[in-house]
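Observations on the model geometry
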Amino acid sequence: METREAVAHPDGRLRCPWCGTDPLYVAYHDTEWGVPERDSRALFEKLLLDGFQAGLAWITILRKRDNFRRAFDGFEPERIARYDAAKVEALMQDASIVRNRAKIEGAVLSARAYLDLEEKGISFSDLMWEAVGGAPQVNHPRHLSQVPAQTPASLALSKRLKGLGFKFCGPTIVYAAMQACGLVDDHLADCHCAHAG
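So, here's what we can say about the structure. Fair warning: this is a prediction, and the values are worked out from it, not measured in the lab.

To continue, consider the environment of Tyr25. The topology assignment puts Tyr25 in helix H1 (residues 23-31). Along the sequence, Tyr25 and Leu56 sit 31 residues apart, while their C-alpha atoms lie 15 Å from each other. Contact partners of Tyr25, with chain neighbours within four places excluded, come to Trp18, Cys19, Trp58, Ile59 and Leu62.

What follows is the structure in structure tokens.
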């Protein structure tokens, strides 16, 4: 039976059960997930990758992340926004990434929305962090059943992003990005990565 509480690893540390024992996933859990990210480009990358993850396991995307970074020009919005039909077609032929036309085309539209925001003098980082009042929301769940798939904050941020032209940013995808980028800290209370707060 799958456990839903913090799990002891061979190194003696307790971790959230979702990362399992895959070294790549454990490293991601320990060094990235839940760590506050303020860089707009990095936040944009994570939102896009969470969009590509929809319907798949995150480890699938994590294993392909370097391929995505190569294929999508380091997730630089200025470059993605200029992708044309030929580039989309080339990405559809790239077996090293998730080949989903709607998601690829959505990434282009999201990059254009990102640039529109910048032209209005709004940083993507500020937009994201406004959803939690500018500071990480620390939740200290004791059990995975206490971790929601979406929240009123992710619902509101999703609605705002969609209104600005971003794609594949439903409230569940947005909440996953909020968790990953440390806007919320949903490490289980017993996990060695849980933050005080």
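So that's the structure; there's more coming.
Roughly 620 Å³ of internal volume is contained in the largest pocket. Around the largest pocket, the lining comprises 27 residues; the ones closest to its centre are Trp18, Trp33, Val147, Ala176 and Gln179. Among the elements of the structure, H1, helix H2 (40-53) and helix H9 (171-180) are those that each provide at least two residues to the lining of the largest pocket. A per-element tally of the lining of the largest pocket places H9 first, with six residues. Here the lining of the largest pocket is composed, by residue class, of 18 nonpolar, four polar and five charged. There is about 210 Å³ of room inside the second largest pocket. Taken together, 15 residues make up the lining of the second largest pocket; nearest its centre are Glu32, Glu37, Ala42, Arg65 and Cys181. Elements with a minimum of two residues in the lining of the second largest pocket: H1, H2 and helix H3 (58-71). When residues of the lining of the second largest pocket are assigned to their parent elements, the largest contribution, four residues, is made by H2.

What follows is about a negative patch on the surface. On the surface, Glu76, Glu78, Asp116, Glu118 and Glu119 cluster together into a patch of negative charge. Top contributing element to the negative patch by residue count: helix H6 (residues 101-119), with three residues. Relative to the helices and strands, Glu76 resides in the loop between H3 and helix H4 (77-80).

We now examine the side chain of Ser96. Relative to the helices and strands, Ser96 resides in the loop between helix H5 (85-92) and H6. A distance of 2.6 Å separates polar atoms of two side chains, one belonging to Ser96 and the other to Asp94. Apart from the residues lying within four places of it in its own chain, the contact partners of Ser96 are Lys64, Asn67 and Arg70.

To continue, consider the packing of helix H8 (residues 152-164) against H9. At a closest axis distance of 8 Å, the pairing of H8 and H9 adopts a crossing angle of 110°. In terms of axis orientation, H8 runs roughly perpendicular to H9. Like other packed secondary-structure pairs, H8 and H9 cross with a definite hand, here right-handed. Facing Ala153, Ser154, Leu155, Leu157, Ser158 and Leu161 of H8, the residues of H9 in contact are Pro171, Val174, Tyr175 and Met178. Looking at the contact of H8 with H9 residue by residue, the class counts come to eight nonpolar, two polar and no charged.

Turning our attention to the nonpolar core. Judged by nonpolar contacts, the single largest core of 53 residues is most densely connected at Phe68, Phe72, Ile80, Phe124, Leu161 and Phe166. Contributions of two or more residues to this core are made by H1, H2, H3, H5, H6, helix H7 (124-130), H8 and H9. Sorting elements by how many residues they give to this core places H6 first, with eight residues. Judged by nonpolar contacts, the second largest core, of six residues, contains Cys16, Leu144, Cys191 and Cys193.

Further remarks concern the environment of Ala194. As for its position among the elements, Ala194 is in the segment after strand S4 (184-185). Spatially, the C-alpha atoms of Ala194 and Ala107 are 32 Å apart, while their sequence positions differ by 87 residues. The residues touching Ala194, leaving out its near neighbours within four places in the chain, are Asp185, His187, Leu188 and Ala189.

The next thing to look at is the packing of H1 against H3. Contact geometry for H1 and H3: axes closest at 10 Å, N-to-C directions at 95°. In terms of orientation, H1 and H3 fall into the roughly perpendicular class. Contacts from Leu24, Tyr25 and Tyr28 in H1 reach Trp58, Ile59, Leu62, Arg63 and Arg65 in H3. A per-class count over the contact of H1 with H3 returns six nonpolar, no polar and two charged.

Cut-offs and rules
- Residues numbered from 1 in each chain as written.
- Predicted model: local features only at pLDDT ≥ 70, side-chain atom pairs only at ≥ 80, totals over all residues.
- Heavy atoms only, no water.
- Helix = DSSP H or I, 4+ residues; strand = E, 2+ residues; numbered from the N terminus.
- Contact = heavy atoms within 4.5 Å.
- 1 Å grid on protein atoms, 1.4 Å probe; cavity = no way out; pocket = protein on both sides within 12 Å on 5 of 7 lines; lining within 4 Å.
- Points joined across faces, edges and corners; volume = space filled by probe spheres on them.
- Nonpolar A, V, L, I, M, F, W, Y, C, P; charged D, E, K, R; others polar.
- Patch = residues over 30% accessible without salt bridge, like charges linked within 9 Å, V, L, I, M, F, W, Y side chains within 5 Å.
- Areas by Shrake-Rupley, 256 points an atom, 1.4 Å probe, with all protein chains shown as cover.
- Salt bridge = Lys/Arg side-chain N within 4 Å of Asp/Glu carboxyl O.
- Lys, Arg positive; Asp, Glu negative; His and termini not counted.
- Charge placed at Lys NZ, Arg CZ, Asp CG, Glu CD.
- Polar contact = N/O pair within 3.5 Å; in protein donor to acceptor, adjacent residues only side chain to side chain.
- Axes fitted to C-alpha atoms, helices over the stretch in contact; angles between N-to-C directions.
- Parallel < 35°, antiparallel > 145°, perpendicular 65-115°, else oblique.
- Left-handed = near helix turned anticlockwise from the far one by under 90°.
- Core = buried A, V, L, I, M, F, W, Y, C linked by side-chain atoms within 4.5 Å.
- Buried < 20%, exposed > 50% of the residue type's maximum accessible area, 1.4 Å probe, protein only.

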